[in-house]
Amino acid sequence: MDVQIETSWKTVLQQEFSKPYFLQIVTHLKTERSTGATIYPAGSKIFNAFEQTPFHKVKVVLLGQDPYHGPNQAMGLSFSVPEGVPPPPSLLNIFKELKSDIGLEPPTSGNLTHWAQQGVLLLNAALTVRANEPASHSKIGWMQFTDAVIHKISEEKNGIVFLLWGRFAQEKQVLIDETKHYVLKAAHPSPFSADKGFFGCKHFSRTNELLIKSGADPIDWKL
């Protein structure tokens, strides 16, 4: 099927779009919408992470679980919210760690597009969610799709830094060839777990050290 996704990703993932599980995703979303369900993010933003970070530009993968499920929050980039939307608690904790690690004052905006455009793939494991129902689309096929994304990155690229925050993200470690890539693990930045190993992880400075070691430009984390 003809999926509207950034060109380089369309080439890399072409085989996935004709598989039964992907057709099942499309059918499921159409069915829910036909019954009046509200789904986040908007259709035009479902593949925003791929739009902002083409395959050939990926340097870092920051894996989230699923989109924000409140109004106006989800924008197709993990942990990110649009301009003018207050940063949710997990994102506020990410900003606290940014200040502790590299001295950046917390930004007023929670829009992480600047990171994505530099090569940070802000990938949620499920790309959609029903309004007010977290993880409601975690079993409709998205996991298989994003596992394929991670596998393709691992297989076809070198020196990528994977940031795996929390148990859910760390379950994806088996998809990564650690002879070619770097894996940094920490607790999830959620208020329920940030003080159990996220605060103090120094992943922002460590990511840049690893990128420089690989001969890549570091990320400008300032928003």
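What counts and how
- Residues numbered from 1 in each chain as written.
- Predicted model: local features only at pLDDT ≥ 70, side-chain atom pairs only at ≥ 80, totals over all residues.
- Heavy atoms only, no water.
- Pairing = 2+ DSSP bridges.
- Helix = DSSP H or I, 4+ residues; strand = E, 2+ residues; numbered from the N terminus.
- Axes fitted to C-alpha atoms, helices over the stretch in contact; angles between N-to-C directions.
- Core = buried A, V, L, I, M, F, W, Y, C linked by side-chain atoms within 4.5 Å.
- Buried < 20%, exposed > 50% of the residue type's maximum accessible area, 1.4 Å probe, protein only.
- Contact = heavy atoms within 4.5 Å.
- Salt bridge = Lys/Arg side-chain N within 4 Å of Asp/Glu carboxyl O.
- Phe/Tyr/Trp six-rings, centres within 6.5 Å; stacked < 30°, edge-to-face > 60°.
- Lys NZ or Arg CZ within 6 Å of the ring centre and 35° of its normal.
- Parallel < 35°, antiparallel > 145°, perpendicular 65-115°, else oblique.
- Left-handed = near helix turned anticlockwise from the far one by under 90°.
- Nonpolar A, V, L, I, M, F, W, Y, C, P; charged D, E, K, R; others polar.

S.K.: For this particular structure, what's the right way to read the sheet that holds strand S5 (residues 161–165)?
M.R.: Adjacent strands of a sheet form backbone hydrogen bonds with each other and so pair up, either parallel or antiparallel. Taken in spatial order, the four strands line up as S3-S2-S5-S6 in an open sheet, and their pairing is parallel. Of all the strands in the sheet, the pair left with one neighbour each is strand S3 (120–124) and strand S6 (182–186). With direction set aside, neighbouring strand axes in the sheet form an average angle of 20°. Where S5 meets S6, five bridges bridge the pair, whose relative direction is parallel. Within the sheet, the bridge partner assigned to Leu164 lies in S6 and is Lys185.

S.K.: Can you walk me through the nonpolar core in this structure?
M.R.: In globular proteins that are soluble, nonpolar side chains generally tend to be buried together. Counting residues in each nonpolar core, the largest one holds 67 residues, and the members touching the most others are Trp9, Phe22, Phe47, Phe50, Trp142, Phe145 and Ile153. Among residues more than four places away in sequence, those in contact with Phe22 are Met1, Val3, Glu16, Phe17, Phe47, Trp142 and Phe145.

S.K.: Explanation requested: the pattern of salt bridges in the structure shown.
M.R.: A pair can form between side chains of opposite charge whenever their charged atoms are brought close. Under the defined criterion, the tally for this structure stands at eight salt bridges. Put simply, Asp2 and Lys10 hold a salt bridge, and the shortest N to O gap is 2.4 Å. According to the relative accessible area criterion, Asp2 is exposed, its value standing at 55%. The residue Glu32 makes a salt bridge to Arg130 at a minimum N-O spacing of 2.6 Å. Here Glu32 is found in helix H2 (residues 20–34), whereas its partner Arg130 is found in strand S4 (residues 129–130), with 98 residues between them in sequence.

S.K.: Help me understand the packing of aromatic side chains, please; the structure alone is not making it clear to me.
M.R.: Two descriptors summarise a pair of aromatic rings, namely the distance from one centre to the other and the angle between the planes of the rings. Under the defined criterion, the tally for this structure stands at 19 aromatic pairs. Plain terms: the ring middles of Phe47 and Trp142 are 6.2 Å apart, the flat faces sit at 75° to each other, and that makes the pair edge-to-face. Residue Phe47 is found in the loop between strand S1 (39–40) and helix H3 (48–52), and its partner Trp142 is found in helix H6 (residues 142–156); the two are separated by 95 residues along the sequence. Grouped by ring-pair contacts, the aromatic residues Trp9, Phe17, Tyr21, Phe22, Phe47, Phe50, Phe55, Trp142 and Phe145 constitute a single cluster. Directly above the ring of Phe55 sits Lys157, whose terminal nitrogen or CZ lies 4.9 Å from the centroid.

S.K.: What exactly am I supposed to notice about the packing of H2 against H6 here?
M.R.: Two measures define how a pair of helices packs: the angle their axes make with one another and the distance between the axes. In the contact formed by H2 and H6, the axes pass within 9 Å of each other and the chain directions differ by 135°. When the axes of H2 and H6 are compared, the pair comes out oblique. Note on packing geometry: the crossing formed by H2 with H6 is left-handed. When H2 is examined against H6, the residues Tyr21, Phe22, Ile25 and Leu29 are found in contact with a partner set consisting of Trp142, Gln144 and Phe145. For the contact of H2 with H6, the per-class residue count stands at six nonpolar, one polar and no charged.

S.K.: Where do I start with the packing of helix H4 (residues 89–102) against helix H8 (residues 203–213) in this structure?
M.R.: Interaxial distance between H4 and H8 falls to 8 Å at its minimum, and their mutual angle equals 65°. When H4 is examined against H8, the residues Ile94, Glu97, Leu98, Asp101 and Ile102 are found in contact with a partner set consisting of His203, Phe204 and Ser205. Among the residues making up the contact of H4 with H8, the classes are represented as four nonpolar, two polar and two charged.

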